[in-house]
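Residue-level structural notes
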Amino acid sequence: MSLKQLHIGFYGAVMGLAGLGLTARAAAPLFPGTFRAPAYFTEVWVALGAIALALLLPLYLLKLAKHPEAVREDFTNPLYLGFCGALPVGMSLVAGGIGAYFPAAGHALWWASFALLLAFQAWALLRWLSGGVELAKVNAGWLIILVGGIVLPGPGIALGHEEASRFVFGVSSAGAALLMPLLFYRALAGPPLAEALRPSWFILLVPPSLIYANGIALYPEARFLELLYPFALVLAVALLAYARGLARWPFGAPWWAFTFPLDALAYAAVRYAQDHPFAPWRALAALALALATLFVALVLVRTLLRR
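Overview of the structure. Note that this is a predicted model, so its numbers are computed, not measured.

1. Points about the packing of helix α1 (residues 12-27) against helix α12 (residues 259-275)
Relative orientation and spacing of two packed helices are given, respectively, by the angle between their axes and the distance between those axes. Running from N to C, α1 and α12 cross one another at 15°; their axes reach a closest spacing of 8 Å. As judged from the angle between their axes, α1 and α12 are roughly parallel. Handedness of the crossing formed by α1 with α12: left-handed. Across from G12, M15, G16, G19, L20, T23, A26 and A27 in α1, the residues of α12 making contact are T259, F260, D263, A266, Y267, V270 and Q274. Of the residues that constitute the contact of α1 with α12, the class distribution is eight nonpolar, six polar and one charged.

Structure, rendered in C-alpha cells:
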C-alpha cells in the first residue's frame, strides 16, 4: 500500500484496539480472576492502540505533505468524510489507555482529541449543509465524526474532565438523534452499500451502546437510558445476520468498522451487568467481550497480512 493509498479509515484500528483494552479494563471487576487491570490481556490491546496511533499519525501527516489532494478527498468525499472522525476519537481512547502510566501525556492527548473532534464536526456540518450529497453516498461512517463525542466521556471521566465530557457528549447525542433516522431511511430507500463499505453498518451499534453506558456515567439519575441497551442487543443480532456473507466482502480499512462498535456493545454489556447482578446479564457481557476480541484479532491479523 502506497502512502497515497493510506486511507484515513485506518484510524479505526486505533479505536478498535484501544477500545478493546479499555473495555477489558472495565470488565475486570465483573470477572475477578479472569481480567485484572492492569494485566496482560487488557494492556496489550491498549499498547497496540497506542502503537497504531504512533505509526499512523506521522504517516498521514507525510501524506498531507506529499499528496494534499488525496487528503482533500478524504475530507470532502461524502463516502469517506465520516471516517475522519476516527483520528480524534482514537486519540481519546489512547489517552484513556496511557493516562494511568503517563498522566500528562494522557491529559494533553485527550484535550487535543476534544478540540480536533469539535473542529471536524463543525466542518462536517458545513459540508452537509452545503448540499449536493446523493442518498447513495450517505453511510454509517458519518456517525464516527458527528457522534464520536459520545466515546470521549469514557476516558474523559477517568482523566477528570467531566464538564468537557458533558459538553462533547451533548453535541454528539444531538447528532445521533439527527443522523440515526437518516441512516435507517438510507438503508430502506437507498441502493445497497458497495460490499467494501458494508462493515460500516456495524457503526449503528455505537450510539445506543455508548449513549447508554457513558450517559449513565455522566448522569446517574438518567436511568431511562438503560432502555437503549436492549435495542443495541437486538440490533447486534440483526447486524451479525447481515454480515453472514462477510467472507466475500473485499477486505480494506472499512473492516475496522466491525471492531470498535463491538467494543462499544461489550462496554455497554459490562456496564449493564455491573448494575444488574443477574447471571444471564453477566454471561451476555462475557459473550459480547469474546465477540469483540474475536473480531479485533481477526481484522488485525488480516490487516498485517493485507489479505
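2. Some thoughts on the side chain of S173
Of note, S173 is situated in helix α9 (residues 162-189). Reaching out from S173, the side chain makes a polar contact with the backbone oxygen of F169 at a distance of 2.8 Å. Sequence-distant contacts of S173, defined by excluding residues within four places in its chain, comprise I150 and I211.

3. Some words on the layout of surface pockets
Taken as a whole, the largest pocket spans an internal volume of roughly 520 Å³. Considering the residues around the largest pocket, the lining is formed by 33 residues, among which L22, L93, G154, P155 and Y267 are closest to the centre. Looking at the lining of the largest pocket, the elements that each hand over two or more residues are α1, α5 (86-98), α7 (142-147), α8 (153-158), α10 (206-218) and α12. Take the lining of the largest pocket: its biggest share by element is six residues, from α1.

4. A word on the pattern of salt bridges
Any two side chains of opposite charge can pair, on the condition that their charged atoms come close. Scanning all chains against the criterion turns up eight salt bridges. Where D74 meets K63, a salt bridge forms, and the shortest distance between an N and an O atom there is 3.3 Å. Taken together, the residues span a long stretch of sequence, with D74 in helix α3 (residues 68-76) and K63 in helix α2 (residues 40-66) at a distance of eleven residues. Exposure class is identical for D74 and K63. Each is buried. The network of salt bridges with shared partners includes R223, E226, R271 and D275.

5. Remarks on the packing of α12 against helix α13 (residues 279-305)
It is the contact of α12 with α13, at a shortest axis distance of 8 Å, that shows an interaxial angle of 160°. Taken together, the axes of α12 and α13 lie roughly antiparallel to each other. The two elements α12 and α13 cross, and the hand of that crossing is left-handed. The residues of α13 that touch α12, namely those facing T259, L262, D263, A266, A269, V270, Y272 and A273, are W281, R282, L284, A285, A288, L289, L291, A292, F295, V296 and V299. Within the contact of α12 with α13, the residues separate by chemical class into 16 nonpolar, one polar and two charged.

How each quantity is defined
Residues numbered from 1 in each chain as written. Predicted model: local features only at pLDDT ≥ 70, side-chain atom pairs only at ≥ 80, totals over all residues. Heavy atoms only, no water. Axes fitted to C-alpha atoms, helices over the stretch in contact; angles between N-to-C directions. Helix = DSSP H or I, 4+ residues; strand = E, 2+ residues; numbered from the N terminus. Parallel < 35°, antiparallel > 145°, perpendicular 65-115°, else oblique. Left-handed = near helix turned anticlockwise from the far one by under 90°. Contact = heavy atoms within 4.5 Å. Nonpolar A, V, L, I, M, F, W, Y, C, P; charged D, E, K, R; others polar. Polar contact = N/O pair within 3.5 Å; in protein donor to acceptor, adjacent residues only side chain to side chain. 1 Å grid on protein atoms, 1.4 Å probe; cavity = no way out; pocket = protein on both sides within 12 Å on 5 of 7 lines; lining within 4 Å. Points joined across faces, edges and corners; volume = space filled by probe spheres on them. Salt bridge = Lys/Arg side-chain N within 4 Å of Asp/Glu carboxyl O. Buried < 20%, exposed > 50% of the residue type's maximum accessible area, 1.4 Å probe, protein only.

Purely geometric numbers; function is a separate question.
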